[in-house]
Amino acid sequence: MKKIAILGSTGSIGTQTLEIVREKQDLEVLGLAAGSNIQLLEQQIREFSPKMAAVWSEEKAMELRTKVADTDTEVVSGMDGLIRIATLSDAEILVTAIVGMIGIRPTIEAIKAGKDIALANKETLVTAGHLIMPLAAEHQVKILPVDSEHSAIFQALQGNTGNPVHKILLTASGGPFRGKKQEDLLDVQVEDALRHPNWSMGRKITIDSSTMVNKGLEVIEAKWLFDVEVDQVEVVIQPQSIIHSMVEYEDGAVLAQLGTPDMKLPIQYALYYPQRRYLPGDRLDFWKLRSITFEKPDMDTFYGLKLAYIAGRRGGSLPTVFNAANELAVQQFLNRQITFLEITEIIEDCIRAHKVIEHPTLEQILETEKETYDRINSRR
Ligand code: NAD
Ligand code: MG
């Protein structure tokens, strides 16, 4: 029996992780954490009987405690609650499916407690990769990528220990606005940006895909996961989302992982690594597919991607600024407080204004997040 805990169990990755658990006889859920959807969390508690469940606000936690008083699940709250789920004794793997850099502290504590991490929560690695990767090495825990591109790269690296990576080819669908120019994007509404062509995901990452900031975060995520320079990561637009990413070795060989767009494959691969288990679902049909096409990313229109390279190359606290500015700007766009194009403008403004701290500590990362938020909030 493999024992797991999930941060963000009510979200897109969280619920798909539980779908896998439901299918398998040898996975057991010990802990679940969610933001505010206590109705769904209650159902999950009743179905999976975890030892502990966490809700962000204490008020909602109190409500949930009453609802599940007839079960054996203990309900906790706040950052302390997230950390308790992340460090539950007996859990082997923590699935980090929470959204945003709020995942940093629980991820760090889980690593210290010796848990392997099935990492979906890319914002944590983007902002604190320089702390997390050495810590994971020190505690000999695995960081298993769940992000589909990084899972593909990880799969293409198997059996190649000792062979240096020449280049990573990070594929991207291009999002709903592929082929558009800045002037076409002046009136983009929230609903337009939420219409992703290939993947159904949480709202924040769907907006990030429409600005291509998601791909920028993934470039920096790849730097930390695979110990490469950001300039070794090349973004390739592949609109069908069939090739999930590729690795080019020094002899010119390119290894890729292909499949239908289904997040359950990378989630399941992380949970059972290095085993491959049966996964129900559609298989690739090359005769229906007929062609896979490629384009260069348009970094003038989607210059959030260019800013990610700048932040990733410079390092220090700059990726935190890039990520934090995006997190708040996306929230404001979803609340219809700013326009679509302002998301990237805000990121650029924050990056320009920031004085970089080299090797920031956890406290300095969180201070940088706050300073970035203060700067954005004082704009209007
Ligand atoms: P989502 O919005 O669907 O789910 C987020 C989850 O986090 C929810 O369960 C929510 O309740 C929980 N959460 C949010 N704030 C919380 C808080 N303060 N305390 C406790 N729980 C909190 O997001 P998602 O699409 O599942 O994405 C999760 C992460 O995975 C993100 O970092 C995203 O970039 C990454 N990711 C997602 C996909 C995908 O297909 N959805 C693919 C690759 C990577
Ligand atoms: Mg991805």
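Residues numbered from 1 in each chain as written. Chains lettered and ligands numbered in written order. Predicted model: local features only at pLDDT ≥ 70, side-chain atom pairs only at ≥ 80, totals over all residues. Heavy atoms only, no water.

Re the coordination of the magnesium ion (ligand 2)
Going by this rule: Water is not part of the atom set, so a site may look incomplete; the donors themselves are N, O and S atoms within 2.8 Å of the metal, or 3.2 Å for Na, K and Ca. Helix and strand definitions here come from DSSP, where helices need a minimum of 4 consecutive H or I residues and strands a minimum of 2 consecutive E residues; each element is numbered from the N-terminal end. Accessibility here uses a 1.4 Å probe with only protein chains present; expressed as a share of the type maximum, an area under 20% marks a residue as buried, one over 50% as exposed, and anything in between as partly exposed.
Every protein donor of the magnesium ion (ligand 2) is accounted for by Asp147 (OD), Glu149 (OE) and Glu218 (OE), and the metal-donor separations fall at 2.1 to 2.2 Å. The sequence pattern formed by the donor residues of the magnesium ion (ligand 2) is D-x1-E-x68-E. Placement of Glu149 in helix H7 (residues 148-157) and of Glu218 in helix H10 (residues 213-226) is noted, with a sequence separation of 69 residues between them. Take Glu218: its relative accessible area is 1%, and that puts it in the buried class.

Quick look at unusual backbone geometry
Of the consecutive residues Tyr273 and Pro274, the connecting peptide bond is found in the cis state with omega at 5 degrees. Positive phi values are uncommon outside glycine, yet Met212 reaches one of about 70 degrees. Relative to the helices and strands, Met212 resides in the loop between helix H9 (203-211) and H10. You can call Met212 buried: its relative accessible area is 4%.

Regarding the sheet that holds strand S8 (residues 165-172)
In plain terms, the rule: A pair of strands is treated as paired once DSSP finds two or more bridges between them. Only the stretch in contact is used when a helix axis is fitted, and all axes are lines through C-alpha atoms; the angle between N-to-C directions ranges over 0 to 180 degrees. Note on definitions: a residue-residue contact is assigned when non-hydrogen atoms from the two residues lie within 4.5 Å.
Here we have 4 strands laid out as an open sheet, ordered S9-S8-S10-S11, and mixed in their pairing. Of all strands in the sheet, those bounded by a partner on one side alone are strand S9 (233-237) and strand S11 (254-258). The average angle at which neighbouring strand axes cross in this sheet is 20 degrees, direction not considered. The strands touched by H10 within the sheet are S8 and S9, with S8 carrying the most contacts at an inclination of about 150 degrees.

A look at the domain arrangement of the protein
By a widespread convention, an interface's size corresponds to the accessible area lost as its parts come together. Basically, it comes down to this: Each domain span listed reflects an automatic or database assignment of domains. Defined in terms of a 1.4 Å probe, buried area is the accessible area two parts forfeit on being brought together, summed over both. Counted as salt bridges are all cases of a side-chain nitrogen of Lys or Arg within 4 Å of a carboxyl oxygen of Asp or Glu. Any N or O atom pair separated by 3.5 Å or less is treated as a polar contact, with the protein-specific requirement of one donor-capable and one acceptor-capable atom, and with residues adjacent in sequence counted only for side-chain atom pairs.
The domain boundaries assigned to the protein delineate domain 1 (2-145), domain 2 (150-262 + 290-303) and domain 3 (315-380). With centres defined by C-alpha atoms, the gap from domain 1 to domain 2 works out at 26 Å. Contact with domain 1, which involves 14 residues of that partner, is made by 17 residues of domain 2. Counting the surface lost from both domain 1 and domain 2, the interface buries some 1200 Å², and carbon and sulfur atoms represent 72% of this. For the domain 1 face of the interface with domain 2, the top three residues by lost area are Lys122, Val126 and Pro145, together amounting to 48%. At the junction of domain 1 with domain 2, the criterion picks out 2 salt bridges. We note a salt bridge from Glu123 to Lys204, for which the minimum N-O separation is 2.8 Å. In this assembly, domain 1 and domain 2 are joined by 3 residue pairs in polar contact (both at pLDDT 80 or more).

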